[in-house]
Amino acid sequence: MTPKLTHANPKILASGEGESHQLVTHTVVWKITTEDTNSRYAMFEMTDTVGGAAPAHNHPWEETFYILEGELDIQIGDRYATIGAGAVAHFPANVVHAFKIVSPVARVLIVVSPTIAEAFYREAGARITSFPPDPIVVQEICEKYNLQPQ
């Protein structure tokens, strides 16, 4: 028997619309959530300023970055590049990657799948409330979502 899929309602968001929260120095605005896609993927816009970064890490979900504005230095495995507006970087599951914003401001559209990633970003945003973050809280969240700092 084929499972019946439920259909989400269509959604239109204007620029700047969406649920917003902080994740360390990044501002995250959710554009498409797991509820919108029957848990297939989620999409958010991340905005940050020069120096905003994620150190080398890997996790069990895929991420695709589409650069809307600014420039990022990125690492994927042993490959390094500086990418700007219009560029795409795809980080497969479990591949070591990192990024650092090198322009005054950067805006990045990020698609994640599977959607356990949305839960990670939401919990990290809710629990990591200082900079530098509390290492015990970071370790707890990383262990829960199988994120491995390198």
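Please read all numbers here as calculations on a predicted model, not as lab measurements.

Colleague: Looking at this structure, I do not really get helix H2 (residues 135-145). What am I missing?
Modeller: Counting along an α-helix, one turn takes 3.6 residues, and residues three or four places apart therefore face a common direction. Of all the positions in H2, only Val137, Ile141, Cys142 and Tyr145 are classed as buried. End-on view of H2: buried residues confined to an arc of 130°, all on one side of the axis. Of the residues in H2, the exposed ones pointing more than 90 degrees away from the buried face are Pro135, Ile136 and Glu143. Buried positions along H2 lie against helix H1 (116-127) and strand S11 (148-149).

Colleague: Can you walk me through the environment of alanine 14 in this structure?
Modeller: Residue placement: alanine 14 occurs in the segment before strand S1 (19-23). For alanine 14, a relative accessible area of 42% gives the class partly exposed. It is 9.6 Å that separates the C-alpha atoms of alanine 14 and lysine 31, two residues lying 17 residues apart in sequence.

Colleague: Sorry if this is basic, but what is going on with the side chain of lysine 31 here?
Modeller: Within the secondary structure, lysine 31 is located in strand S2 (residues 26-32). No salt bridge is formed by the buried lysine 31; the nearest opposite charge belongs to glutamate 45, separated by 4.4 Å. Among residues more than four places away in sequence, those in contact with lysine 31 are Lys11, Leu13, Ala14, Gly16, Glu17, Asp36, Met43, Phe44 and Glu45.

Colleague: Please clarify how the layout of surface pockets should be interpreted in this entry.
Modeller: Where empty space is left can be seen by rolling a probe of water-molecule size over the atoms. In this structure, the largest pocket encloses a volume near 610 Å³. Around the largest pocket, the lining is made up of 31 residues, and of these Val24, Ala53, Ala54, Pro55 and Phe120 lie nearest the centre. If you list the elements that add at least two residues to the lining of the largest pocket, you get S2, strand S3 (42-49), strand S4 (53-58), strand S5 (62-69), strand S9 (97-101), H1 and H2. Per element, the largest residue contribution to the lining of the largest pocket is 5 residues, and it comes from S4. Considering only residue class, the lining of the largest pocket consists of 23 nonpolar, 7 polar and 1 charged.

Colleague: It is not clear to me how the sheet that holds strand S7 (residues 79-84) should be interpreted in this structure. Could you clarify?
Modeller: Pairing between the strands of a sheet comes from backbone hydrogen bonds, and it takes one of two forms, parallel or antiparallel. Ordered by their spatial adjacency, 5 strands build an open sheet running S7-S6-S9-S4-S11, and the pairing between neighbours is antiparallel. The sheet terminates laterally at S7 and S11, the two strands that pair on one side only. Pairing analysis gives 2 bridges linking S4 to S11, with the strands arranged antiparallel. Note that in S11 the partner of histidine 57 across the bridge is proline 149.

Each value, and the rule that gives it
- Here the residue numbering is sequential within each chain, running from 1 through the sequence in written order.
- Note on the predicted model: pLDDT of at least 70 is required for a residue's local features to be given, and 80 or more for side-chain atom pairs to be given and counted; whole-chain, interface and lining totals, by contrast, use all residues.
- The side-chain figures draw on all heavy atoms in the structure; neither hydrogens nor water molecules are used.
- Think of it in three bands: with a 1.4 Å probe and only protein chains considered, a residue is buried below 20% of the maximum accessible area for its type, exposed above 50%, and partly exposed in between.
- Only runs of H or I of at least four residues qualify as helices and only runs of E of at least two qualify as strands under DSSP, and these elements are numbered from the N terminus.
- Within this analysis, the arc is defined by the directions that extend from the helix axis to the C-beta atoms.
- Any two residues whose heavy atoms approach within 4.5 Å are treated as being in contact.
- Residues scored as charged are limited to Lys and Arg (positive) and Asp and Glu (negative), so that His and the chain ends carry no count.
- What makes a salt bridge here is a side-chain nitrogen of Lys or Arg within 4 Å of a carboxyl oxygen of Asp or Glu, nothing more.
- Only protein atoms enter the calculation, which uses a 1 Å grid: trapped sets of points that fit a 1.4 Å probe without letting it out are cavities, open sets showing protein on both sides within 12 Å along at least five of seven lines are pockets, and any residue with an atom within 4 Å of a point is a lining residue.
- Grid points are joined across faces, edges and corners, and a volume is the space filled by probe spheres set on the points.
- Under this grouping Gly is polar, as are all residues other than the nonpolar Ala, Val, Leu, Ile, Met, Phe, Trp, Tyr, Cys and Pro and the charged Asp, Glu, Lys and Arg.
- Only when DSSP finds a minimum of two bridges between them are two strands counted as paired.

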